[in-house]
Each structure stands twice: as C-alpha cells, then as structure tokens.
Amino acid sequence: MADQSCIAEALQWAYVQLAASSESAHLDAEVLLLYCLNKNRAYLYTWPEKALSVEQWKRFQQMVQRRQQGVPVAHIVGEREFWSLPFIVNDTTLIPRPDTEILVESALNLPLESNAKVLDLGTGTGAIALALASERAAWQITAVDKVEDAVALAKANRTNLKLEQVEILQSDWFSAVTSHDFDLIVSNPPYIDEADEHLHQGDVRFEPQSALTAADEGFADLYYIAKTARDYLKPNGYILLEHGFEQAVKLRAKLIELGYQNVATVRDFGSNDRCTMGKWMGLIGI
Ligand SMILES: C[S@@+](CC[C@H](N)C(=O)[O-])C[C@H]1O[C@@H](n2cnc3c(N)ncnc32)[C@H](O)[C@@H]1O
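It should be emphasised that the depicted structure is a prediction, and the values quoted were computed from it without experimental measurement.

Overview of the overall build of the chain
- What the chain contains, in helices and strands, is 11 helices and 11 strands.
- Relative to its length of 286 residues, the chain is compact, with a C-alpha radius of gyration of 21 Å against a globular reference of 19 Å.
- Its C-alpha atoms put the chain at 70 × 40 × 30 Å along the principal axes.
- Relative to its full complement of 286 residues, the chain shows a buried share of 51%.
- Restricting the contact set of the chain to residue pairs at least 6 apart, pairs at least 24 apart contribute 66%.
- Carbon together with sulfur atoms contributes 47% to the accessible area of the chain, which is approximately 14000 Å² in total.

Here it is, written out as structure tokens:
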C-alpha cells in the first residue's frame, strides 16, 4: 500500500475496504477520515486532492481496519451525536440511537411545569437526561444507571456539555431514588429478547448485554419499571418508555392493567412504534 494518499483516494480506498462489511461504508469512511483530519464534511469535497500526512494516512488505515472487524464507528472515534449534542461513548453502555430522539421530543411535548421533576432510568451516556436538560434548564432531572462505568461516562458527558444541574446516581432502577414526586419518569431500558438473533450482527455485538437484553421476551425491565414507577410519580405524572417496535401492543395493555390512563404510542422516523406513554392519576391502590 502507498505511504501517502490524497483525500479522494483515501475515501475510495476505505469504501472498497468497507463495502462488504458495512451497510454504511461511504458514511463510515467519511466520518473516520473527518476524525483523522479534524475537519468538517465540506472540506473533504472542497479539497479532494489535498494530501494526507503520513501520520494521518496511517491512522486512517488503522481505523478502517477496526471498522472492517466490526467495531462501531462511534467506538473508534469515541463520540456520537445525539440531539445535536456531542456525547462521549465507550463500550460500557449503549451508543445513543437516533430513534431515542423521539422519546426526548415526546417528553418535551408534555404539558409540564417549567420546574418539573424528571427521572431517567438507565441513563447510559446520559443521552436522554442531558438532551432534556439542554432544552429545559429549570427541570430538576435525576438520571440513574446500575453500571458504575456508565455512571462515570454520564458524569463525563454532563461536565463536557456543561449541564451540571443534572443529578446522576448509581442505582439498580429505583433502589437509590428517594423522591416520590416525579412529574415524569422516562426510560430506554434493555428490551431485546435474550434469544434475538440480531444480537449476533452489526454494532450491538460490541455493546454490553446489560444495556440490551431483558428476560420475558424483552419485557421484564419495561414491566418492572411501569409497575414500580407508580410509587414514584405524582398524581397526574407521566411515564414514557422506549421499546421494540413489536412490543407496543403488549406494553399498552400492561400500562392500562396497571392503572395508567391516556396510554398512547409514538412512532419513530421509520414509522415503527417506538415509545409508549401513560398518565398516572394516583387513584388506584398499588
Ligand atoms: C438501552 S440502554 C439506554 C441508554 C441511554 N438511556 C440511551 O437511551 O442511549 C439501557 C441502560 O440501562 C442500564 N441498566 C440496565 N439494567 C439496569 C438496572 N437494573 N438499573 C439501572 N440501570 C440499568 C444499562 O446499563 C444501560 O445503560
């Protein structure tokens, strides 16, 4: 292989390398090259003949090789954008997904007070909690995760995004949560069936099971959170849960059985059922 390359050649080389192993070969090549060059996308196409330094070209080749081995681009560059905010990511938790922005948008559309109390269960990188905090500075947001390293990651993102008002705790769901007067409880919990064959394909192979799978065909954590949240919500408070697109019917039925009202599902960018919400009136004995 040549010791040097220009931008256009490097992109073409990477695309050929990645075409067989990645469905997003073009995008992956661009993101990795931009990271190596520390430039914006327009630069690649404005200066296609610009030479990479020997160091940049070597580093780019190494990154492309890691991508060929299946490592997610977000893990290679250590960052993923969510809600137009840069999040540090690593292999301790889920890489934030664009579909989760639907949950953020749904939460922001709820009729809540300007100083609403909000709980994010299974915060991971802090994506949901910090995106909400970036939009609603006076919301009192608590975010929890069971995994110590994920809690550290969420705290690093909190500092990086200058959203220090968000409280971040290590907690096994509600175990370290002391308030019982939340206006909104949100969660994107693990909801994939442990036997799902997709767990052996693509980026999820590099994400921890603790962020992905749940017992009872993926429903165990969704049901536990829905049941227990009733004891942590104010009357007229809301629950908002992300779930798999085939889980909406059962989850709606469970929320209704648990006494939630105004139960409704929101679809994602691909028109798949993605988030379900309910209102807790506080009237039914738990
Ligand atoms: C699907 S990931 C969601 C991460 C992040 N909220 C997002 O939307 O990108 C689920 C998260 O739940 C956390 N988790 C799993 N079991 C938990 C438990 N028992 N208590 C608290 N967090 C838990 C995992 O560590 C992981 O960070």
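Some points on the site of the ligand
- Close contacts around the ligand come from 19 residues, with Thr93, Gly122, Asp145, Asp172 and Trp173 the closest.
- The contact in question runs from a nitrogen atom of the ligand to an N or O atom on the backbone of Thr123, over 3.3 Å.
- Between the ligand and Asp172, the relevant distance is 2.8 Å, taken from a nitrogen atom to a side-chain nitrogen or oxygen of the residue.
- When isolated, the ligand has an accessible area of 600 Å², and the protein chains bury 97% of it.
- Looking at the shell around the ligand residue by residue, the classes come out as eight nonpolar, eight polar and three charged.

Section: the pattern of salt bridges
- Summed over the entire model, instances satisfying the criterion amount to 12 salt bridges.
- Residue Asp99 pairs with Arg274 through a salt bridge whose shortest N-O separation is 3.9 Å. Here Asp99, found in the loop between strand S2 (85–88) and helix H6 (100–108), pairs with Arg274, found in strand S11 (residues 273–280); they are 175 residues apart in sequence, far enough to count as distant.
- Using a relative accessible area of 9% as the deciding quantity, one classes Arg274 as buried.

Examining the sheet that holds strand S9 (residues 233–242)
- Taking strand neighbours across the sheet as the criterion, the seven strands line up as S5-S4-S3-S6-S9-S11-S10 in an open arrangement whose pairing is mixed. Edge positions in the open sheet fall to strand S5 (167–170) and strand S10 (261–267), since each of these has one partner strand only. Between one strand axis and the next, the sheet turns by 15° as a mean value, whatever way the strands run.
- Relative to S5, strand S4 (residues 140–145) runs parallel, the two sharing four bridges.

A short note on the UniProt feature "binding site: S-adenosyl-L-methionine" in the chain
- Within this numbering scheme, the UniProt entry marks Gly122, Thr123, Gly124, Thr125, Gly126, Asp145, Trp173 and Asn188 as carrying the feature "binding site: S-adenosyl-L-methionine".
- Within the secondary structure, Asp145 is located in strand S4.
- Leave out the neighbours within four places in its chain, and Asp145 touches Gly122, Thr123, Gly124, Ala150, Val151, Leu169, Gln170 and Ser171.
- Among the polar contacts made by the side chain of Asp145, one reaches the main-chain amide nitrogen of Thr123 at a distance of 3.3 Å.

Digging into the side chain of Thr276
- The residue Thr276 is located in strand S11 in this model.
- Only 2.7 Å separates the side chain of Thr276 from the side chain of Thr265, close enough to count as a polar contact.
- Those residues within four positions of Thr276 in sequence are excluded, and the remaining contacts are Ile239, Leu240, Leu241, His243, Ala248, Leu251, Arg252, Leu255, Val263, Ala264 and Thr265.

Thoughts on helix H8 (residues 148–160)
- Its 13 residues give H8 an end-to-end C-alpha distance of 19 Å, which sits within 8% of 18 Å, the value for a rise of 1.5 Å per residue.
- Within H8 the residues assigned to the buried category are Ala150, Val151, Leu153, Ala154, Asn157 and Arg158. Buried residues along H8 cover an arc of 160° about the axis, so they all sit on one side.

Here we look at the packing of H6 against helix H7 (residues 127–135)
- Contact geometry of H6 with H7 gives a least axis separation of 10 Å together with a crossing angle of 40°. What the angle tells us is that H6 and H7 run oblique. As H6 runs across H7, the sense of the crossing is right-handed. From H6, Thr100, Leu103, Val104, Ala107 and Leu108 reach across to H7, where they touch Ile128, Ala131, Leu132 and Glu135.

Observations concerning unusual backbone geometry
- Located in the positive-phi region is Asn38, a residue other than glycine, with phi close to 55°.
- Of note, Asn38 is situated in the loop between helix H2 (25–37) and helix H3 (41–46).
- At Asn262, a position not held by glycine, the phi torsion is positive, near 50°.
- If you trace the backbone, Asn262 turns up in strand S10.

A word on the domain arrangement of the chain
- By the assigned domains, the chain splits into domain 1 (7–70) and domain 2 (90–280).
- A straight line from the C-alpha centre of domain 1 to that of domain 2 covers 34 Å.

Comments concerning the environment of Glu148
- Its place among the elements puts Glu148 in helix H8.
- With a relative accessible area of 57%, Glu148 lands in the exposed category.
- Through-space distance from the C-alpha of Glu148 to that of Pro96 is 18 Å; in sequence the pair is 52 residues apart.

Procedures and definitions
Residues numbered from 1 in each chain as written. Predicted model: local features only at pLDDT ≥ 70, side-chain atom pairs only at ≥ 80, totals over all residues. Heavy atoms only, no water. Helix = DSSP H or I, 4+ residues; strand = E, 2+ residues; numbered from the N terminus. Rg over C-alpha atoms; globule rule 2.2 N^0.38 Å. Buried < 20%, exposed > 50% of the residue type's maximum accessible area, 1.4 Å probe, protein only. Contact = heavy atoms within 4.5 Å. Areas by Shrake-Rupley, 256 points an atom, 1.4 Å probe, with all protein chains shown as cover. Near = heavy atom within 4 Å. Polar contact = N/O pair within 3.5 Å; in protein donor to acceptor, adjacent residues only side chain to side chain. Nonpolar A, V, L, I, M, F, W, Y, C, P; charged D, E, K, R; others polar. Salt bridge = Lys/Arg side-chain N within 4 Å of Asp/Glu carboxyl O. Pairing = 2+ DSSP bridges. Axes fitted to C-alpha atoms, helices over the stretch in contact; angles between N-to-C directions. UniProt positions renumbered as here; feature names shortened; annotations may be inferred. Expected span 1.5 Å × (residues − 1). Arc of directions from axis to C-beta. Parallel < 35°, antiparallel > 145°, perpendicular 65-115°, else oblique. Left-handed = near helix turned anticlockwise from the far one by under 90°. Domains from an automatic or database assignment.

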